[in-house]
Amino acid sequence: MSPTLRTRIACTVYPSAGAAALAVADELRARLAGYPSLVLGLPTGNTPVPFYQELSRLHRAGLLSLAQATSFNLDEYLGLAPGDPRSFRAWMQTQLFSQVDLPANRTHLPDPVEPAAAPEESRRYEQLIREVGGIDWMLLGIGRNGHIGFNEPGSARTSRTRLVELEAKTIADAAKTFGGEQHVPRRAITMGIGTILEARAIRVMAFGSAKAEIVQRALTAEPTELVPASLLAGHADVRFLLDAESAQLLGQ
Ligand code: F6R
């Protein structure tokens, strides 16, 4: 671990993605022990896989319960049929919800509605978050273009949950899952940056050399809407958890 890097946002560098995932899972376990009805903000993607595996392992070992917790995912694609195995809902079901004791009626993702219904669905999602008192602990990944959730470059710092058009880089990164870029949905509903910034604690994981450049920009540049993750600077409790590869350009 290297606590000496000079960055605008606090970060910790771990020897491996697995070590970082263990540290995040440990933090969550400690928080749940003190406050079992935690409200979580959760990501999909490659980055959180070892974290969800660790939560599943801790649960099987009787060391972690999400029985009183509530979850809100960051985003969901539009244009897929409900129940589509490539939806984020299905992904979360496989990776986490089926592995732990989080009650199904307290797991939330935006519904994959028709675009015309997206404004109403977005308001409903924000309202649900407000009704449970806001998000206590939010985990994020970061896209190669700096997006958090699906807040692509140019998203306003004050943005709320809404329909967004995905950028070319985001579509390219999802192509494998969908069997080609032409099959990737072009639209999604995402929590806004303003919504994310209201979470009481924010943790961001980024692993691998493909993230090194954007991690450097997000952590060291003047905060700008062109690099959405850089807008996390100034949040009262935010930390990036990196592996050596994603941190390789920091401190240069
Ligand atoms: C996923 C999400 C995205 C991902 C980001 C990184 O719900 O909101 O912001 O966190 O695209 O994706 P991976 O982890 O696949 O590199």
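Refer to the structure printed above.
What comes next concerns the included structure. Quantities reported herein were computed from a predicted structural model and do not represent experimental measurements.

## Points about the site of the ligand
Right, so step 1: As a matter of local geometry, the ligand sits amid 13 residues, with T47, D75, H147, G149 and K211 nearest to it.
Right, so step 2: The contact in question runs from an oxygen atom of the ligand to an N or O atom on the side chain of T44, over 2.8 Å.
Right, so step 3: Side-chain polar atom of H147 to an oxygen atom of the ligand: 2.6 Å apart, as the coordinates give it.
Right, so step 4: Counted by class, the shell around the ligand contains three nonpolar, eight polar and two charged residues.

## Examining helix α1 (residues 17-34)
Right, so step 1: Helix length check: α1, at 18 residues, gives a terminal C-alpha distance of 26 Å against a target of 26 Å (1.5 Å per residue), a fit within 8%.
Right, so step 2: For α1, the set of buried residues is A20, A21, V24, A25, L28 and L32. Down the axis of α1, the buried set is contained in an arc of 130 degrees. They therefore lie on one face. The outward face of α1, more than 90 degrees from its buried face, is lined by the exposed residues A30, A33 and G34.
Right, so step 3: In this structure, the buried side of α1 is in contact with β1 (11-14), β2 (39-42), α2 (49-60), β6 (137-140), β9 (201-206) and β10 (238-243).

## Overview of the side chain of S87
Right, so step 1: Turning to its location among the elements, S87 is positioned in the loop between β4 (75-77) and α3 (88-97).
Right, so step 2: Only 3.1 Å separates the side chain of S87 from the backbone nitrogen of A90, close enough to count as a polar contact.
Right, so step 3: Excluding residues within four positions of it along the chain, S87 makes contact with E76 and L80.

Rules used in this analysis
- Residues numbered from 1 in each chain as written.
- Predicted model: local features only at pLDDT ≥ 70, side-chain atom pairs only at ≥ 80, totals over all residues.
- Heavy atoms only, no water.
- Near = heavy atom within 4 Å.
- Polar contact = N/O pair within 3.5 Å; in protein donor to acceptor, adjacent residues only side chain to side chain.
- Nonpolar A, V, L, I, M, F, W, Y, C, P; charged D, E, K, R; others polar.
- Helix = DSSP H or I, 4+ residues; strand = E, 2+ residues; numbered from the N terminus.
- Expected span 1.5 Å × (residues − 1).
- Buried < 20%, exposed > 50% of the residue type's maximum accessible area, 1.4 Å probe, protein only.
- Arc of directions from axis to C-beta.
- Contact = heavy atoms within 4.5 Å.

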